[in-house]
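# Remarks on the overall topology
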Amino acid sequence: MFKINTRPSFTSTVQIAVPGDDTDVHSLNVRFKALRSSEMEAHDTGTSTEGQKVFLREVIEHVDGALDEDGEPVPYSEALREELLDWPFVVSALLQHYVRDLVKAHAGN
């Protein structure tokens, strides 16, 4: 039997290369909402930076692992999400991991 989950989600460890940082790669644990094909097609994620941000605002449910400049944990909030989405290298990493992990889940079926 196949049970239909109307709100599937998945968690991904998103690796982020920060330009000019001594540390090669940073990571965040991100819980994403899985969208249906029809929902994904409504988004312009190909060339529009704003379209990518709109898409990520819809699919990001939670972020763990963000630290402030003093190394203190930053709790998830819309303000944190917006701060992350203001960095193009973060947007790129989030999109890549969303698609990769969604496809990986699909391939496992």
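In this report, we go over the structure that sits alongside the text. (Residues numbered from 1 in each chain as written. Predicted model: local features only at pLDDT ≥ 70, side-chain atom pairs only at ≥ 80, totals over all residues. Heavy atoms only, no water.)

### Quick notes on the pattern of salt bridges
The full count for this structure, using the stated rule, is seven salt bridges. A salt bridge links Glu50 to Arg57; the nearest nitrogen and oxygen atoms lie 3.1 Å apart. Note on Arg57: relative accessible area 27%, which makes it partly exposed. Bridged by salt links that share partners, the residues Glu50, Arg57, Arg81 and Glu82 form one connected network. (Salt bridge = Lys/Arg side-chain N within 4 Å of Asp/Glu carboxyl O. Buried < 20%, exposed > 50% of the residue type's maximum accessible area, 1.4 Å probe, protein only.)

### A few points about the sheet that holds strand 3 (residues 60-64)
An order of 1-2-3 is seen for the three strands of this open sheet, with the pairing classed as antiparallel. In this open sheet, the two strands that pair with only one neighbour each are strand 1 (9-16) and strand 3. Pairwise comparison of adjacent strand axes, ignoring direction, gives a mean angle of 25° for this sheet. Running over the sheet, helix 2 (residues 49-59) touches strand 2 (26-33) and strand 3 and is turned about 80° from strand 3. (Pairing = 2+ DSSP bridges. Helix = DSSP H or I, 4+ residues; strand = E, 2+ residues; numbered from the N terminus. Axes fitted to C-alpha atoms, helices over the stretch in contact; angles between N-to-C directions. Contact = heavy atoms within 4.5 Å.)

### Some points on a negative patch on the surface
Together, Asp68, Glu69, Asp70, Glu72, Glu83 and Asp86 make up a negatively charged patch on the protein surface. Summarising the element assignment, Glu83 is placed in helix 3 (residues 78-85). (Patch = residues over 30% accessible without salt bridge, like charges linked within 9 Å, V, L, I, M, F, W, Y side chains within 5 Å. Areas by Shrake-Rupley, 256 points an atom, 1.4 Å probe, with all protein chains shown as cover. Lys, Arg positive; Asp, Glu negative; His and termini not counted. Charge placed at Lys NZ, Arg CZ, Asp CG, Glu CD.)

### Considerations on the nonpolar core
Burial of nonpolar side chains together is a common tendency in soluble globular proteins. Ranked by internal contacts, the top residues of the largest apolar core, which has 23 residues, are Val30, Phe32, Leu56 and Leu94. The set of elements that each furnish at least two residues to this core consists of strand 1, strand 2, helix 2, strand 3, helix 3 and helix 4 (88-107). If one sorts the elements of this core by residue count, helix 4 sits on top with six residues. (Core = buried A, V, L, I, M, F, W, Y, C linked by side-chain atoms within 4.5 Å.)

### Focus: the packing of aromatic side chains
Aromatic rings in a pair are described by how distant their centres are and how their planes are angled relative to each other. Counted under the stated rule, the structure contains five aromatic pairs. Taking 5.5 Å as the distance between ring centres and 40° as the angle between the ring planes, the aromatic pair formed by Phe10 and Tyr98 counts as tilted. Residue Phe10 is found in strand 1, and its partner Tyr98 is found in helix 4; the two are separated by 88 residues along the sequence. Each member of the pair Phe10 and Tyr98 is classed as buried. Summarising the aromatic geometry, the rings of Trp87 and Phe89 are spaced 5.4 Å apart at their centres and angled 40° between planes, so their arrangement reads as tilted. On the basis of relative accessible area, Trp87 is assigned to the partly exposed category, the value being 46%. Each residue in the set Phe10, Phe32, Phe55 and Tyr98 is aromatic and connected to the rest through ring pairs, giving one cluster. (Phe/Tyr/Trp six-rings, centres within 6.5 Å; stacked < 30°, edge-to-face > 60°.)

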